[in-house]
Amino acid sequence: MVNAIGVLGLGGVIGTVMLGLGTTPPDRVQGDLVRLIYVHPPLAWTTYLAFGVTALYGALFLWKRRPRFDQISAASAEVGVVLCALTLATGSIWGRPTWGVWWTWDARLTSTALLLALFAGYLALRKGIVDPEARARRSAILALIAVADIPLVHFSVKLWRTLHQQPTLLRPDPQISGVQAWTLLLGFVSMTLVYVWLTARRARLEAAEQHAESRYLETALAAR
Amino acid sequence: MNYVFAGYALTLGALALYAARIVLAERRLRERPSEEAPS
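Treat the numbers as computed from the prediction; the structure is a model and nothing was measured. (Residues numbered from 1 in each chain as written. Chains lettered and ligands numbered in written order. Predicted model: local features only at pLDDT ≥ 70, side-chain atom pairs only at ≥ 80, totals over all residues.)

**Some words on unusual backbone geometry**
As a reminder, the rule being used: Strands here are runs of E lasting at least two residues and helices are runs of H or I lasting at least four, both read from the DSSP assignment and numbered beginning at the N terminus.
Phi at R65(A) is positive, roughly 60°, even though this residue is not glycine. Summarising the element assignment, R65(A) is placed in the loop between helix 2 (40-64) and helix 3 (67-99).

Here it is in structure tokens:
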């Protein structure tokens, strides 16, 4: 099942790249730079999804105390950090020719950078605690606090006057149609599948690492 | 188009490297003797 999701995700990404770079037309205002829209918003959406799943499974861990929930939470956070960094990087690559700068302290950009810092902190916290129970509990609490930044990121373009453009798709009159809309949709679906595959594999690795860690501790204690 | 290619190459490259890291770490863990300390 997981491998089938991976294959579908890979196929979707290849399709998105072919349509995004080849079939779709350039924009009247943005020219070829519009092609980055098939990559950047899907990365941003999967970042929200990844950190939302981190918080959800963190809450489930606090409730049920099952290690499996902590493993999924940790896996999703790590994948989310990669996706969030790529969201910022692709946005910066689009911003340089459009705004004339690689970075500006715009509300959307700043709140996204804060989101990256918060979840990088989550990963650092996990590295710093040896006891698995305390590590899972404290990181779950941090995830529940950090996830509050997501609505701030999403609504920042409405709450403040920003350089970042308004939503293209999530509005009563979507500003995209035809092959461009279908390519963007394919980008969203395939990036979601890639996220699910990466998180499932990373959670399996996390479980194996935690198992190896506990066996090593048992062996070390028995040898004393 | 250079900015567009850079954006696509960075995204695909980073995701491919990250996926490879997960798969290789899993393989390494499977092949390691159980008493060895986790890295």
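Anyway, onward from the coordinates.
**Some points on the packing of helix 3 of chain A against helix 4 (residues 107-128) of chain A**
For any two helices packed against each other, the geometry comes down to the angle between their axes and how far apart the axes lie. Residue and element names in this part refer to chain A. Definition in use: Inter-axis angles, ranging from 0 to 180 degrees, are taken between N-to-C directions of lines fitted to C-alpha atoms, where helices are fitted over the stretch in contact. Each angle is binned into one of four classes, with values under 35 degrees roughly parallel, values over 145 roughly antiparallel, values of 65 to 115 roughly perpendicular, and all other values oblique. Each crossing gets its handedness from the near helix: less than a right angle anticlockwise from the far helix is left-handed, clockwise is right-handed. Each residue is represented by a C-beta atom placed from its backbone, and any two residues with such atoms within 7 Å are regarded as in contact. Residue classes follow a fixed rule: Ala, Val, Leu, Ile, Met, Phe, Trp, Tyr, Cys and Pro count as nonpolar, while Asp, Glu, Lys and Arg count as charged, and any other residue, Gly among them, counts as polar.
One can describe the packing of helix 3 onto helix 4 by two numbers: an axis separation of 9 Å at closest approach and a directional angle of 150°. As judged from the angle between their axes, helix 3 and helix 4 are roughly antiparallel. In this structure, helix 3 meets helix 4 at a crossing whose hand is left-handed. Taking contact as the criterion, the partners of A74, A77, E78, G80, V81, C84, A85, T87, L88 and G91 in helix 3 are, on helix 4, L109, T112, A113, L115, L116, F119, A120, Y122, L123 and R126. Classifying every residue of the contact of helix 3 with helix 4 by side-chain character gives 14 nonpolar, 4 polar and 2 charged.

**As for the interface of chain A and chain B**
Each side of the interface is counted separately: chain A has 29 residues, and chain B has 20 residues. Across the side of chain A that touches chain B, the residue classes break down as 18 nonpolar, 2 polar and 9 charged.

**Observations concerning the confidence of the model for chain A**
Selection rule: pLDDT expresses, on a scale from 0 to 100, how confident the predictor is about each individual residue.
On average, residues of chain A carry a pLDDT of 92, and 99% of them reach 70 or more. Per-element confidence in chain A is highest for helix 2 of chain A, whose mean pLDDT is 97, and lowest for helix 6 (residues 149-159) of chain A, whose mean pLDDT is 89.

**Regarding the nonpolar core**
Soluble, globular proteins show a tendency: their nonpolar side chains are buried together. Threshold: For this entry, the nonpolar core is defined as buried Ala, Val, Leu, Ile, Met, Phe, Trp, Tyr and Cys residues connected by C-beta atoms within 7 Å. Residues with at least 20 neighbouring C-beta atoms inside 10 Å of their own are called buried, those with 12 or fewer are called exposed, and the rest are partly exposed, where every C-beta is derived from the backbone.
In this structure, L83(A), F119(A), A143(A), V194(A) and Y195(A) are the most contacted members of the largest nonpolar core, which totals 55 residues. No other element matches helix 3 of chain A, which puts 14 residues into this core. Not counting chain neighbours up to four residues away, the residues in contact with V194(A) comprise G9(A), V13(A) and L15(B).

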